Amino acid sequence: MKRTEALSIKKKIKTGKEIERITQHLKKQGKRIVTYNGSFDVLHVGHIKSIQEAKAQGDILIILLNSDASIRIYKGPNRPIVSQRERIIMIAAIDAVDYVSVFNDINPKKVLARIKPNVHCNGSDWGRSCIERKVVEENGGRIYILRWERGHSTTDLIKKILDVYRQPAIKAVFLDRDGTVNLNKKGYVHKIADFEFAPHVFDALKKLSKTDYKIIIVTNQSGIGRRYYTQEDFEKLNAWILEEFSKKKIRIDRVYYCHHTLKDRCGCRKPNVGMFIQAVKDFGISLNNSWFIGDNKTDMIAGREANVKTIKLGERMPKALKLQPHYYAKDLQQAADIILNNE
Ligand SMILES: [Mg+2]
Ligand SMILES: [Zn+2]
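All figures in this text were calculated on a predicted structure; none of them were measured in a lab. (Residues numbered from 1 in each chain as written. Chains lettered and ligands numbered in written order. Predicted model: local features only at pLDDT ≥ 70, side-chain atom pairs only at ≥ 80, totals over all residues.)

1. With respect to the overall build of the protein chain
Cut-off, in case you're wondering: Secondary structure elements follow DSSP: runs of H or I of four or more residues count as helices, runs of E of two or more count as strands, with numbering from the N terminus. The reference for a compact globule is 2.2 Å times residues^0.38; the radius of gyration itself is calculated from the C-alpha atoms.
Of the regular secondary structure elements, the protein chain holds 14 helices and 11 strands. A compact globule built from 343 residues would reach a C-alpha radius of gyration of about 20 Å, whereas the protein chain, at 31 Å, exceeds it by more than 25%. Seen through its principal axes, the protein chain has C-alpha atoms that stretch 95 × 40 × 30 Å.

And the structure:
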């Protein structure tokens, strides 16, 4: 924040005494003073709209902000969520607000008796028969009921947040295939006879199978696009791999593969993130709670792009890429341990 912005926010924050003096002065200049009070705890669009509507009722808008102590009394000991030190800064930063002042009582009658606003605004939940009506009208002011429909309340917002966080996030361990799950000596592995599981694959995946992590293979198979082998060859090998895993009680939840070549400019070929996005759609996975283990730099680029935590097997990333995985591991076993230790 620029220094001048911070200053202009600070200038809006006044004590009760200062506010009284300022309003007397402004009234002499013929300004119409509007007041609106509330706790404005966990600011939301409903607050902003109602503050803007309040401002439209006169020239100068004063927000009377309930102190933490007063909120604790009328909303219970767990509120406010946001302290008055922070609430006052947020309210003062709103363009429509001219002044903001904290008050300590559970209703603003005393402050209103001193300020004597021309208009005092109130939410439709309290209505015209609000407790402040008498003191406002006795001092020549009127009550204005804000039209802004609630629908947005801090309490509703908090309930929504609790609902979201009550459900545990669905997490995944994404695995590259060739060079990660199996050795990739000659490249373009597509025959069962040439398929050699990498060291410690079974132990590592058995451990992960016992967790809540979805285990998902994401593999580039441009050998199909290059016509080195067919989709059927891939499917046949894939079925065999899954069978071997299932014999060992290893759970693989899904295998995604991209059969394109670079020329196809698809969105699924790593380092593109299409296969990760598909997994999000299919399983509701939360990517920032998920992991990707791969042996290639393109795996790490894809992982970082997809906002998952990345573990690279084998050699280090080329410096020129200016991109590092979160971890390096010597094999899948070590990678699985990193994940489990991060729980
Ligand atoms: Mg690989
Ligand atoms: Zn593709």
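2. Some remarks on the environment of I339
What counts, and what does not: Exposure in this text rests on C-beta crowding, where 20 or more other C-beta atoms within 10 Å of a residue's own make it buried, 12 or fewer make it exposed, and counts in between make it partly exposed. The C-beta atoms are placed from the backbone. Contact criterion: two residues are in contact if their C-beta atoms, reconstructed from the backbone, are within 7 Å.
Residue position: I339 is located in helix α14 (residues 332–341). Overall, I339 belongs to the buried group, with 22 C-beta atoms counted inside 10 Å. I339 sits 49 residues away from S290 along the chain, and the two C-alpha atoms are 9.3 Å apart. For I339, the contacting residues outside a window of four places in its chain are V173 and W291.

3. Description of the domain arrangement of the protein chain
To keep it simple, the criterion reads: For the domains described, the bounds stem from an automatic or database domain assignment.
Here the protein chain is partitioned into domain 1 (3–159) and domain 2 (172–341). Distance between the C-alpha centres of domain 1 and domain 2: 56 Å.

4. Some remarks on the sheet that holds strand β2 (residues 60–66)
Test applied: Note on pairing: DSSP must find at least two bridges between two strands before they are called paired. Lines fitted to the C-alpha atoms define the axes, with helices restricted to the stretch that makes contact. Angles between their N-to-C directions range from 0 to 180 degrees.
In space, the 5 strands of this open sheet follow the order β3-β2-β1-β4-β5, with parallel pairing throughout. Across the chains shown, the open sheet's two edge strands, defined by having one partner strand only, are β3 (99–103) and β5 (142–145). Adjacent strand axes in the sheet meet at a mean angle of 25°, parallel and antiparallel pairs treated alike. Its contacts with the sheet place helix α2 (residues 16–28) against β1 (33–38), β2 and β3, and it is angled at close to 140° to β3.

5. Some points on unusual backbone geometry
The amide bond that connects R79 to the next residue, P80, takes the cis arrangement and shows omega of 0°. One can find P80 in the loop between α4 (68–75) and α5 (84–92). Omega for the peptide link from K270 to P271 comes to 15°, which places this bond in the cis form. Its place among the elements puts P271 in the loop between β8 (254–258) and α12 (274–283).

6. So, the nonpolar core
Short version of the rule: A set of buried residues drawn from Ala, Val, Leu, Ile, Met, Phe, Trp, Tyr and Cys, joined through C-beta atoms within 7 Å, is what defines a nonpolar core.
Judged by nonpolar contacts, the single largest core of 37 residues is most densely connected at V173, F174, F276, W291, I293 and A335. Setting aside residues up to four positions removed in sequence, W291 forms contacts with V173, F174, V308, K309, I311 and I339. Ranked by size, the runner-up nonpolar core spans 28 residues in total, among them A54, L61, I88 and I91.

7. Re the pairing of strand β9 (residues 291–294)
The side chains of a regular strand alternate, residue by residue, between the two faces of the sheet. Stated precisely, the cut-off is as follows: Crossovers are described as right-handed under a simple rule: with the strands pointing away from the observer, the path leading from the first strand over the helix to the second runs clockwise.
The alternating pattern of β9 places W291 and I293 on one face and F292 and G294 on the opposite face, and all of these are buried. Where strand β6 (residues 172–175) meets β9, 3 bridges bridge the pair, whose relative direction is parallel. Bridge assignment links F174 to a residue of β9, and that residue is F292. Handedness of the β-α-β unit built from β9, helix α13 (residues 297–305) and strand β10 (residues 309–313) comes out right-handed.

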